[in-house]
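# Overview (structure and organization)
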Amino acid sequence: MGLARGIPGLLRGSQGCLWTLGPARGVLGLLGVSWYSHWSWGWLGGGHHPQPPRPCICHLSIHPPVCPSVAHSKFELYTMEWSLKEDLRDCMVAAAPYGGPIALLKNNTRKEKSPSARPLLEIYSASGLLLASMPWKSGQLVQLGWTASEDLLCIQEDGTVLIYNLFCEFMRHFSMGNEVLQNRVLEAKVFHTEYGTGVAILTGAHRFSLTTNIDDLKLRRMPEVPGLQKPPSCWAVLSQDRVTIVLLAVGQDLYLLDNTSCSVVTPPGMSPSAGAYLQMAVSFNYRCLALFTDTGYIWMGLATLKEKLCEFHSSVRSPPKQMVWCMRPRSRQRAVVVTWDRQLMVVGNSTECIQFVLDEDSYLVPELDGVRILSRTSHEFLHEIPEASQEIFKIASMAPGALLLEAQKEYEKESQKADEYLREIKDQKLLPEAVSQCIEAAGYEHEPDTQKSLLRAASFGKCFIDKFPPESFVRMCQDLRVLNAIRDYQIGIPLTFTQYKRLTVEVLLDRLVLRRLYPLAIRICEYLRLSEIQGVSRILAHWACYKVQQKDKSDEEVAHAINQKLGDTPGISYSEIAARAYDCGRTELAIKLLEYEPRSGEQVPLLLKMKRSKLALSKAIESGDTDLVYAVVLHLKNELNRGTFFMTLQNQPVALSLYRQFCKHQERETLKDLYNQDDNHQELGNFHVHSSYSEKRIEGRVGALQNALDEYYKAKNEFAAKATEDQIKLLRLQRHLQEDFDKPYLDLSLHDTVSNLILDGHHKRAEQLYREFKIPDKRYWWLKISALANRGDWEEMEKFSKSKKSPIGYLVRAF
Amino acid sequence: MAAHLSSGRVNLTALREAGRRELREFLDKCAGSKEHEVEKMFTLKPGRLPQADVKNIIFFVRPKLELMDIITDNVLREDRGRSPQRDFHILFVPRRSLLCEQWLKEQGVLGSFIHREQYSLDLIPFDGDLLSMESESAFKECYLESDQTSLYHAAKGLMTLQALYGTIPQIFGKGECARHVANMMIRMKREFPGSQNSIFPVFDTLLLLDRNVDLLTPLATQLTYEGLIDEIYGIQNTYVKLPPEKFAPKKQGEGGKDLPTEPKKLQLNSAEELYAEIRDKNFNAVGSVLSKKAKIISAAFEERHHAKTVGEIKQFVSQLPHMQAARSSLANHTSIAELIKDITTSEDFFDNLTVEQEFMSGIDTDKVNNYIEDCIAQKHPLIKILRLVCLQSVCNSGLKQKVLDHYKREILQTYGYEHVLTLNNLEKAGLLKPQTSGRNNYPTIRKTLRLWMDDVNEQNPNDISYVYSGYAPLSVRLAQLLARPGWRSIEEVLKMLPGPHFEERQQLPTGLQKKRQHGENRVTLVFFLGGVTYAEIAALRFLSQMEDGGTEYVIATTKLINGTSWIKSLMEKLEPAPF
């Protein structure tokens, strides 16, 4: 039951390339407060709870901004619950994308190895709730990272990568190879491509090693960079046309490492005086690349290095702490967020930029449609404002959505203005657009109240349209309900609508299951009416697999609890749950759980694995599937010694007869042993008769028949014994006849032997056989007459007819 | 092409379509495209595969080890150097087998197969009311070797049938195998809870019958038209091969110069109107139908002289293809009837039939029969002898030890001692046995079930006994009595027959419960485990057509058999190694 469902379409992304940024406002907060008042609430300091009272939205009364260009906004997702004592800069941080968990490693740098000062690994939800923690007892860690399925990768200095789940439970480990082990890890990066989660290592020998998929480990050692004496100032993993490559900067030079070669590259439009590279950033979809040089110059272009998109000259020259892309899929705007200790700058295709002062250490987490900013006290989201939202909330906007929102508000106030606004939209025939705009914008809102007012407006507008398809509205209401539920700080998954759609509801359910939030996951399935097999059943099965790991409960209790909850929900596989129980070392529990499995076919493999072969055999027989019985029987044959194997079969007649069939075809000698074991002399006799026919020499045949004879006697089958005796006698006689007359007699029937003798005129010998084998008169007469007639020996016929009274009369019809 | 499959009460085209779809999907997978032109079909045999210039070779096989050996041989002898290389695929019919795959693995050829899949073709539609698994050895496996593989396939086949035609609410059965199949069906249904079948049930009742409940019927010579064709020439998968002489094109002037030497191959099913009409008649009633048809057809051709106007001629011409088909069909069946008549009017056929009928009506079943002795002395075909001896044994609830031993000794001396194993098999199957209880139950069974009818009407039958000119097949009588008045009336006799009899009910959701229209017939599926004869099928069809019969029958079986093919399947083939 793997949960390794990745994120679909990681590489799909926006196409456009032009980007303009609004006028530099220069001052923290201007962007939000003065332009788009309602967005400012988040980062002005109100938490997600309790909500600050919101002023009514009245953009229309505020004068429009000077520049109509694109805007970014920043709002708070959560005030962090984690009450960190340390500064973030003293911790190693890794936050998973798509609102994923945060891993913190504290005390990593301290060298003394006293137990009290051991590094501490902690995992938090995005809202800062502690999920798990553990003292780090393994080797020196260089890097933490998350896989696409939210497992934590802990990359050690020796190249060993340890994998833990969300709850700090060890899953497995792997090594990045001997080369890495020898030269140690200098730096490491975790990256995601369509192949899965990859790890790239920079070793102490300034060489790169990487794997593109940790679940299908193939280590690649990248070519050497000629003359590289010191570590590169910065580097990044790129993925282009399904090939993973490394881009690194040394001083003023850029090198591209692919599988086979190392090449020097120059970004187009790069000023020669730009200086040495200090930092680089690849966008979430691997399409864009940003380079920061020591002259404060920022180059932004395509990651293929074929085209420059824009550039920016910043006044700061010190190396940035972090630089990440911030953009929205399908948007034409590009922006890069750069941070230093106390400063955050959003730059794009403009001579000016937006700057924020950072009160605390912050950590950037790039997302599909923006950037999350983590600090000790808060967790914020910075993104480009989506078009629909801009249209509606832009001050003095006359967009249909904006008018509709206003109309609805007036309607609630019972003001006739509602009609005026509505008429204005309808006159332009834009009501459907207005409704769609409100629905779309609702999706981008984090505040339920704003969502509601937009949806109310949409619903209001719908009333005035004939046959507006309801799906988009209903769908959005459902999606928002799900999103609001998971964004709650108790759950702490701050997915945006865009991320949610990319992630898909199935992956989201997997993630809830990973966090063991089974009830919520089930409620979502029920709410969205997902099919049982896709939804509830899967989650219950995961729950059950978790349940079997609870060692404090007795086997009976666990088995009962699981059966109570699961019953016979379609799609539940008890055998899979049992397999999990067995993996946890709970064989008895596994057997109990298997009892609930209605499909015997499913019970058998696990029972065999648990070495409950006899139980497996009876389950296979119960199923009626003879092939399955064969599979178990052959398994037993290899597993048990011959005696025990035979004994086991003895108690299972169905299996025994199937095995006999197998032996008949494959191992005739074993067949004999089987009959011997049951003292089945009749079958042993038949066996020997059968084998006698494969003997190449007459002595062999007679020998085998002699064996058959003995067995038939033991079986008290007088008739068969006598017949076999006769057969031996006949064979011996036939050999003499063959020698005497030099004609083939062997293997003829008695009838044909006598008949041939008469045909050849050996009447005496025929007579002898007739007496010796006590051929009934009647048959002998028939035989002799027809043979004589065939021979045309009428003289002999007459003699014969006079010798005795015919038992068959004299009307011989046959001729 | 398969219109005759939809002609019956139950439209079996759906089953055929499901089968076709599954096969097409597999072929798509192998060929990697939607186009799959089957170049040629070969019979599986050891040695090198034929030189066909193809990319894909697909083995269609039953999951049996002896066949795996042949395939292994084929694959190992394939020339690896040939180009283009041929890809191997294996399609197990009807089920994939771990045992076989394990075996192929041990031979080191498992990896040679790119696709290994199963084609769950359990029940093959043979006609509008007839399904067969075509499992030749089913009877032998079940009753001699206690290998119930074919019963598992039968149960699977019934599940497929229910998936297409709805859950069958009532299951009746008689015999050990029937019980086993019913148990498996119930179990399989339980294995998929929640998968509630929402199809309105087409079948009302399923009747599972073990062949060993009625060992008698297949031993007797079938006397329906189709039954006789099968007895004499053997019908293979609805095709029969006939001696060509009678089918020579009758053209004047060529004077039989070049008589065809290849056997004439004809397909026999209800798609042919005339055949559908006469197949189930007693052979004695076929002649009159054929001559009546001949008159009608020549009259129809005479019509052309009366056609005067252009319109009339046009109408005549438009009917011409149909008339010509009818004429050639009539010609074929007249020839077949002549061939059969030559045999049925022979003295030996008559003697044989007389003895059979004596046995079935209970005359002199307890002593050595003269005719059988004479036949042995004249070395008539062994199978004929075995059929007669077994018939006598069955009609006497076993033979006295002395009589039995005499027959056996005669057979061994005349036909060879190697047949001792065949005789042993027949004894194991219960066809030949010493009378142990000392009591002969057959007369009671015969009287209660009215198996022997003296006043049989072959031309216009009023009872199923017409199919054997006097003997009413026991199996069909059981089906008939089940429908009316029910088995409760024959409890005593049922107890005398081997195996348990039982009834199971499968719950239907309330919405699917049938509200029968007045006068609407019930549909019963009769499944013969171990084989069924054409005469039995004819008898069931007769019951279906009976006015106020109230029940229509669809027939399923493991294999279509007759006495000869059945006995043959039980014989041990021992070929001495040449010295």
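The numbers attached to residues start from 1 for each chain and follow its sequence in the written order. For this description, chains carry letters from A and ligands carry numbers from 1, given in the order in which they are written. A pLDDT threshold of at least 70 governs which residues receive local features in this predicted model, and a stricter bar of 80 or more applies before side-chain atom pairs are shown or counted, although totals over entire chains, interfaces and linings include all residues. Excluded from the side-chain calculation are hydrogens and water; included are all heavy atoms of the structure.

## Observations concerning the overall build of chain A
Helical segments are the DSSP runs of H or I of at least four residues, strand segments are the runs of E of at least two, and each set is numbered from the N terminus. A tally of helices and strands in chain A yields 29 helices and 28 strands. Each residue gets one of three labels from its accessible area relative to the maximum for its type: buried under 20%, exposed over 50%, partly exposed in between, using a 1.4 Å probe on protein chains only. Here chain A holds 815 residues, and 55% of them are scored as buried. Long-range contacts, defined here as pairs at least 24 residues apart, represent 54% of the contacts in chain A between residues at least 6 apart. Areas reported as accessible are Shrake-Rupley estimates using a 1.4 Å probe. Residue values count occlusion only from the protein chains shown. Carbon and sulfur atoms provide 51% of the accessible area of chain A, an area that totals close to 35,600 Å². Note on contacts: a residue pair is in contact if any heavy atoms of the two residues lie within 4.5 Å.

## A word on the overall build of chain B
When its secondary structure is counted, chain B shows 21 helices and 13 strands. Just to be clear, the radius of gyration here is over C-alpha atoms, and the globule rule we use is 2.2 Å times residues to the power 0.38. In summary, chain B has a C-alpha radius of gyration of 26 Å against a globular reference of 25 Å for 579 residues, a match within 12%. Expressed as lengths along the three principal axes of its C-alpha atoms, the size of chain B is roughly 75 × 70 × 70 Å. Residues classed as buried in chain B amount to 53% of the 579 residues present. Summed over all atoms, the accessible surface of chain B reaches about 26,700 Å², with 51% contributed by carbon and sulfur. Taking the 73 positively charged and 74 negatively charged side chains of chain B as two groups, their mean positions are separated by 3 Å. Only four residue types enter the tally: Lys and Arg on the positive side, Asp and Glu on the negative side, with His and both chain ends excluded. For charged residues, the charge sits on one atom: NZ in Lys, CZ in Arg, CG in Asp, CD in Glu.

## Let's talk about the pattern of salt bridges
Between side chains of opposite charge, a pair can form as their charged atoms come close. Residues and elements named next belong to chain A. Think of a salt bridge as a Lys or Arg side-chain nitrogen and an Asp or Glu carboxyl oxygen that are within 4 Å of each other. Summed over the entire model, instances satisfying the criterion amount to 73 salt bridges over all chains. Close ionic contact of Glu122 with Lys106 constitutes a salt bridge, the shortest N to O distance being 2.7 Å. Highlighted residues: Glu122 in strand β4 (residues 120–124) and Lys106 in strand β3 (residues 102–106), separated in sequence by 16 residues. Classification of Lys106 as buried rests on a relative accessible area of 9%. Between Asp419 and Arg423 there is a salt bridge, and its shortest N-O distance comes to 2.8 Å. Here the residue Asp419 and the residue Arg423 both occupy positions in helix α6 (residues 417–427), the gap between them amounting to four residues, near one helical turn.

## Topic: the packing of helix α23 (residues 681–692) of chain A against helix α16 (residues 420–428) of chain B
How two helices pack is summed up by the angle between their axes together with the distance between the axes. Where α23 of chain A contacts α16 of chain B, the two axes come as close as 10 Å, and the packing angle between them is 145°. For α23 of chain A against α16 of chain B, the interelement crossing comes out left-handed. From α23 of chain A, Gln682, Glu683, Asn686, Val689 and His690 of chain A reach across to α16 of chain B, where they touch Val420, Leu421, Asn424 and Lys428 of chain B. All amino acids are sorted into three groups, where Ala, Val, Leu, Ile, Met, Phe, Trp, Tyr, Cys and Pro are nonpolar, Asp, Glu, Lys and Arg are charged, and the leftover types, Gly among them, are polar. Taken together, the residues of the contact of α23 of chain A with α16 of chain B sort by class into three nonpolar, four polar and two charged. Note on definitions: angles span 0 to 180 degrees between N-to-C directions of axes, and those axes are lines fitted to C-alpha atoms, for helices only across the stretch in contact. Should the near helix be turned anticlockwise from the far one by less than a right angle, the crossing is termed left-handed; should it be turned clockwise, right-handed.

## So, the packing of aromatic side chains
Where two aromatic rings form a pair, the distance of their centres and the angle of their planes describe that pair. Only Phe, Tyr and Trp rings take part, Trp by its six-membered ring, and two of them pair if their centres are within 6.5 Å. Stacked means planes under 30 degrees apart, edge-to-face means over 60, and tilted covers everything else. Enumeration over the complete set of coordinates arrives at 31 aromatic pairs over all chains. Between Tyr659 of chain A and Phe662 of chain A the ring centres are 6.0 Å apart and the planes differ by 15°, which places this aromatic pair in the stacked class. Taken together, the residues span about one helical turn, with Tyr659 of chain A and Phe662 of chain A both in helix α21 (residues 653–666) at a distance of three residues. For Tyr659 of chain A, a relative accessible area of 1% translates into the label buried. Taking the centre distance of 6.3 Å and the plane angle of 70° together, the rings of Phe172 of chain B and Trp487 of chain B count as edge-to-face. Of this pair, Phe172 of chain B sits in strand β6 (residues 170–174) while Trp487 of chain B sits in the loop between α18 (474–483) and α19 (491–496), and the two are 315 residues apart along the sequence. One exposure class covers both Phe172 of chain B and Trp487 of chain B, and it is buried. Ring-pair connections join several aromatic residues into one group, and the members of that group are Phe645, Phe646, Tyr659 and Phe662 of chain A together with Trp103 of chain B. Consider the ring centre and the ring normal. A charge sits over the ring if Lys NZ or Arg CZ is within 6 Å of that centre and within 35 degrees of that normal. A cation over a ring is seen here: Lys74 of chain A above Phe356 of chain A, with NZ or CZ 4.7 Å from the ring centre. Positioned above the aromatic ring of Phe301 of chain B, the side-chain terminus of Arg327 of chain B is 4.1 Å from the ring centre.

## Details of the side chain of Ser469 of chain B
Topologically, Ser469 of chain B is positioned in the loop between α17 (442–448) and α18. With residues up to four places along the chain from it excluded, the contact list for Ser469 of chain B reads Leu223, Asn282, Gln357, Trp452, Val456 and Glu458 of chain B.

## Let's talk about the sheet that holds strand β23 (residues 335–339) of chain A
All names here are of chain A. At least two bridges found by DSSP between two strands are what make those strands a pair. Strand order in the open sheet formed by four strands is β22-β23-β24-β25, and the pairing between neighbours is antiparallel. In the strand order of this sheet, the two ends are held by β22 (322–325) and β25 (354–357), each with one partner. For this sheet the average axis-to-axis angle between neighbouring strands, irrespective of direction, equals 15°. Sheet topology places strand β24 (residues 343–348) next to β25; four bridges connect them, and they run antiparallel. Considered in β25, the bridge of Gln343 is made with Val357.

## Considering the sheet that holds strand β1 (residues 56–61) of chain B
All names here are of chain B. With respect to topology, three strands assemble into an open sheet ordered β1-β2-β3, the strand pairing being parallel. Here the strands that pair on one side only, and so sit at the sheet edges, are β1 and β3 (113–118). For this sheet the average axis-to-axis angle between neighbouring strands, irrespective of direction, equals 15°. In this sheet, strand β2 (residues 87–92) lies alongside β1 in parallel orientation, the contact comprising six bridges. Residue pairing for β2: Ile57 is matched across the bridge by Phe88. Sitting on the sheet, helix α2 (residues 65–76) is in contact with β1, β2 and β3, with an inclination near 165° to β1.

## Observations regarding the confidence of the model for chain A
Put simply, chain A has an average pLDDT of 84, and 89% of its residues get 70 or more. Per-residue confidence from the predictor is reported as pLDDT, which spans 0 to 100. Counting contacts from residues 1–69 of chain A, a segment whose pLDDT is below 50, to residues more than four positions away or on other chains yields 179 contacts.

## What to know about the interface of chain B and chain A
Taken together, the contact pairs 49 residues of chain B with 53 residues of chain A. Buried area between chain B and chain A, summed over both chains or domains, comes out near 4,600 Å², and the portion from carbon and sulfur atoms is 58%. Applying the counting criterion to the chain B and chain A interface returns six salt bridges. Linking Glu373 of chain B and Lys778 of chain A is a salt bridge whose minimum nitrogen-to-oxygen distance equals 2.5 Å. In this description, buried area is defined as the sum, over both parts, of the accessible area (probe of 1.4 Å) that is lost when the two are combined.

## Some details on the pairing of strand β16 (residues 253–257) of chain A
Residue and element names in this part refer to chain A. In terms of residue burial, β16 counts as a mostly covered element, since four of its five residues are buried. Examined bridge by bridge, strand β15 (residues 243–250) and β16 share five bridges and lie antiparallel to one another. What sits directly across from Leu247, in β16, is Leu256. Adjacent in sequence and paired antiparallel, β15 and β16 are bridged by two residues, among which Gly251 carries a positive phi angle near 60°. Where β16 hands over to strand β17 (residues 262–265), the hairpin turn is made up of four residues, counted between the paired strands.

## Observations concerning the environment of Arg342 of chain A
Residues and elements named next belong to chain A. Within the element layout of this structure, Arg342 appears in the loop between β23 and β24. Separated by 19 residues in the primary sequence, Arg342 and Asp361 place their C-alpha atoms 7.1 Å from one another. Setting aside residues no more than four positions away along its own chain, Arg342 makes contact with Arg89, Phe356, Val357, Leu358, Asp359, Glu360 and Asp361.

## Structural notes on α18 of chain B
Counting buried residues along α18 of chain B, eight of its ten residues qualify, which places the element largely inside the surrounding structure. Buried within α18 of chain B we find Leu474, Ser475, Val476, Arg477, Leu478, Ala479, Leu481 and Leu482 of chain B.

## Quick notes on the nonpolar core
Looking at soluble globular proteins, one finds that nonpolar side chains tend to be buried together. Among buried residues, the Ala, Val, Leu, Ile, Met, Phe, Trp, Tyr and Cys ones that are joined through side-chain atoms within 4.5 Å form a nonpolar core. Leu208, Leu431, Leu478 and Phe527 of chain B are the most contacted members of the largest nonpolar core, which totals 186 residues. When residues of this core are assigned to their parent elements, the largest contribution, ten residues, is made by helix α14 (residues 382–395) of chain B.

## A word on the pairing of strand β10 (residues 185–193) of chain A
Note on strand geometry: in a regular strand, side chains alternate between the two faces of the sheet. Residues and elements named next belong to chain A. Here β10 runs beside strand β11 (residues 196–203); their pairing, made up of eight bridges, is antiparallel. In the strand pairing of β11, Glu187 is matched with Leu202. Hairpin remark: β10 followed by β11, antiparallel, with two residues in the connecting loop.

## Quick notes on the confidence of the model for chain B
The share of residues in chain B with pLDDT of 70 or more is 94%, and the mean pLDDT across the chain is 89. Both scores are given for the predicted complex: the pTM is 0.71, the ipTM 0.90.

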